[in-house]
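# Working through the structure, step by step
One-letter residues, chain by chain:
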Amino acid sequence: MSYKIFKINEDLKDFMPPEIVDLEEKATWGNPKRGVMDLPYSKELIEEHSLCAGCPESAAFRYILASLPNPEDTIIVNSTGCTSLVFPHIALHTVHSLFGNQNAVASGIKRVLEWRFPDKVKDVIVLAGDGATVDIGLDCTLQSFFRQEKITTICFDNEVYANTGGQESGMTVKGHVFKMAPKGKQWDKVPMWQLAIDSGCHYVVRMTVSSPKKVEKVIKQAIYVAREVGPTYIHLYTPCILEIGLNADDGLEEMRRTDKERFKFFEYMTDAAKEVIERKKEEGLI
Ligand SMILES: Cc1ncc(C[n+]2csc(CCOP(=O)(O)OP(=O)(O)O)c2C)c(N)n1
Ligand code: SF4
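Residues numbered from 1 in each chain as written. Chains lettered and ligands numbered in written order. Predicted model: local features only at pLDDT ≥ 70, side-chain atom pairs only at ≥ 80, totals over all residues. Heavy atoms only, no water.

In the nomenclature of an unreviewed UniProt entry, the protein is known as Pyruvate ferredoxin oxidoreductase beta subunit of Hydrogenivirga caldilitoris.

What follows is about the packing of helix α2 (residues 56-67) against helix α7 (residues 212-228). Look at α2 against α7: their axes get within 9 Å of each other, and the N-to-C directions meet at 50°. One way to sum up the angle between α2 and α7 is to call them oblique. Once α2 is placed against α7, the crossing between them reads as right-handed. Within the contact between the two elements, α2 uses Y63, I64 and S67 and α7 uses P212, V215, E216, I219 and K220. (Axes fitted to C-alpha atoms, helices over the stretch in contact; angles between N-to-C directions. Helix = DSSP H or I, 4+ residues; strand = E, 2+ residues; numbered from the N terminus. Parallel < 35°, antiparallel > 145°, perpendicular 65-115°, else oblique. Left-handed = near helix turned anticlockwise from the far one by under 90°. Contact = heavy atoms within 4.5 Å.)

Next up on the list: empty space enclosed by the protein. Applying the stated criterion to the full structure yields two cavities of 30 Å³ or more. Taken as a whole, the second largest cavity holds about 40 Å³ of empty space. Taken together, K110, K122, D123, V124, I125, K150, T152, I223, A226 and R227 make up the full set of residues lining the second largest cavity. Those elements that place two or more of their residues in the lining of the second largest cavity are β3 (123-129) and α7. Of the residues belonging to the lining of the second largest cavity, the class tally is four nonpolar, one polar and five charged. (1 Å grid on protein atoms, 1.4 Å probe; cavity = no way out; pocket = protein on both sides within 12 Å on 5 of 7 lines; lining within 4 Å. Points joined across faces, edges and corners; volume = space filled by probe spheres on them. Nonpolar A, V, L, I, M, F, W, Y, C, P; charged D, E, K, R; others polar.)

Close to ligand 1 lie 16 residues, the nearest being C82, G131, A132, N158 and A162. Backbone polar atom of G131 to an oxygen atom of ligand 1: 2.8 Å apart, as the coordinates give it. Note that an oxygen atom of ligand 1 is positioned 2.9 Å from one of the side-chain N or O atoms of N158. The pocket occupied by ligand 1, as judged from atoms lying within 2 Å of grid points, is the largest pocket. Take the shell around ligand 1: its biggest share by element is three residues, from helix α4 (residues 130-135). Classifying every residue of the shell around ligand 1 gives seven nonpolar, seven polar and two charged. (Near = heavy atom within 4 Å. Polar contact = N/O pair within 3.5 Å; in protein donor to acceptor, adjacent residues only side chain to side chain. Sits in = over half its atoms within 2 Å of the grid points.)

Before going further, it helps to examine the state of the cysteines. Under the defined criterion, the tally for this structure stands at zero disulfides. Take C201: it sits in no disulfide, and the sulfur closest to it among the cysteines is that of C155, at 12 Å. Using a relative accessible area of 2% as the deciding quantity, one classes C201 as buried. (Disulfide = S-S within 2.5 Å. Buried < 20%, exposed > 50% of the residue type's maximum accessible area, 1.4 Å probe, protein only.)

This part takes up the site of ligand 2. Lining the immediate surroundings of ligand 2 are L51, C52, C55, C82, N158, A162, C240, I241 and L242. For the shell around ligand 2, a count of residues per class yields eight nonpolar, one polar and no charged.

The subject of this paragraph is the UniProt feature "domain: Thiamine pyrophosphate enzyme TPP-binding" (unreviewed entry) in the protein. The positions UniProt marks with the feature "domain: Thiamine pyrophosphate enzyme TPP-binding" (unreviewed entry) are residues 89-235. Between the C-alpha atoms that bound residues 89-235 there is a distance of 23 Å. The span itself is 37% helix and 18% strand. (UniProt positions renumbered as here; feature names shortened; annotations may be inferred.)

So, about a nonpolar patch on the surface. On the surface, a cluster of nonpolar side chains totalling about 380 Å² of accessible area is made up of L12, F15, M16 and I20. Structurally, M16 is set in the segment before α1 (18-26). Residue class for M16 comes out partly exposed when judged on its relative accessible area of 31%. (Patch = residues over 30% accessible without salt bridge, like charges linked within 9 Å, V, L, I, M, F, W, Y side chains within 5 Å. Areas by Shrake-Rupley, 256 points an atom, 1.4 Å probe, with all protein chains shown as cover. Salt bridge = Lys/Arg side-chain N within 4 Å of Asp/Glu carboxyl O.)

Here we come to unusual backbone geometry. You will see that Q148, though not glycine, has its phi angle at about 60°, which is positive. Take Q148: it is sitting in the loop between α5 (138-146) and β4 (152-157). Residue E159 is not a glycine yet carries a positive backbone phi of 65°. Note on placement: E159 falls in the loop between β4 and α6 (192-198). Judged by its relative accessible area of 7%, E159 falls in the buried class.

So, on to the pattern of salt bridges. Between side chains of opposite charge, a pair can form as their charged atoms come close. Inspection of every chain in the model, using the stated rule, returns 22 salt bridges. With its nearest N and O atoms 3.0 Å apart, the salt bridge here joins E243 to K179. Of the two residues, E243 is situated in the loop between β6 (232-237) and α8 (251-259) and K179 in the loop between β4 and α6; the sequence distance between them amounts to 64 residues. Residue class for E243 comes out buried when judged on its relative accessible area of 11%. The structure contains a network of salt bridges with shared partners spanning K7, E10, K13, E24 and E25.

With that settled, consider the nonpolar core. Counting residues in each nonpolar core, the largest one holds 48 residues, and the members touching the most others are I64, L68 and I154. Within the residue set of this core, elements represented by two or more residues are α2, β3, β4, β5 (203-208), α7, β6 and α9 (271-282). Excluding anything up to four places from it in sequence, I64 contacts L127, I154, F156, V215, I219 and L236. In this structure, V134, L142, M192 and A196 belong to the second largest nonpolar core, which totals 12 residues. (Core = buried A, V, L, I, M, F, W, Y, C linked by side-chain atoms within 4.5 Å.)

Pasting the structure below:
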């Protein structure tokens, strides 16, 4: 794994699709200071997406991929859901795991990479929906925290099982009715960020993706802490505009609205995490 895998054989360059040539020449490789401010000027690591028009998950993907400090040596593990439709469009090493197993798969990958490449930094990230992370996959998610696996888990919380047509999840808000949950949710939303803290995560954030620069900072902090200390967890509200009946251009407004209430920015860090973050700030990497 190296950005050299994106180097095109000179003899073949004339025949390669322009977007592949762009990936070699205009993507931000080998620069740990890369970030969302590069988006207008560089080739993005996500070419297209197959989400609904205006789905906030697409913005979340762009900000996260632009913020990875070490994309050439990053593996993202995914699970089935709306997010999994996007992964074939990403120019990174990605692994699709069986629904709910993503943190177990990521744990294995991280351990093998540490053993195989002891002198290199390899970041392993899990990115999956709330059904995969909190409902069906909760066992694997929490067990990876208990084992102190050095991985970052990112949950795209759209408060529903969207890809299968709208069943309620543990993340659904009490009382909410979906197409396939006509009785309405009977229980409160599970405070997954608190579960992550109680289960041993060293850096935990809950937020929406309404502010790209804030997403960048949080992603970098989570990855640097995971590298050195242990598990980190990012809970992002990415509303399913389709299932809550919003228009394609309403997603940002919905996130800004919830920024002030149930997705108000929340950040937790242990002392060990704080030490890493302060050091990385001094190095100019955050
Ligand atoms: C082992 C297994 N169980 C169930 C499914 C069916 N399934 C596919 S997508 C999905 C919902 C995903 O929900 P979530 O993780 O919240 O992501 P979203 O689609 O909402 O982004 C389910 C249950 C599956 N593919 N594999
Ligand atoms: S169903 Fe919802 S979460 Fe899935 S792509 Fe469409 S808007 Fe996004």
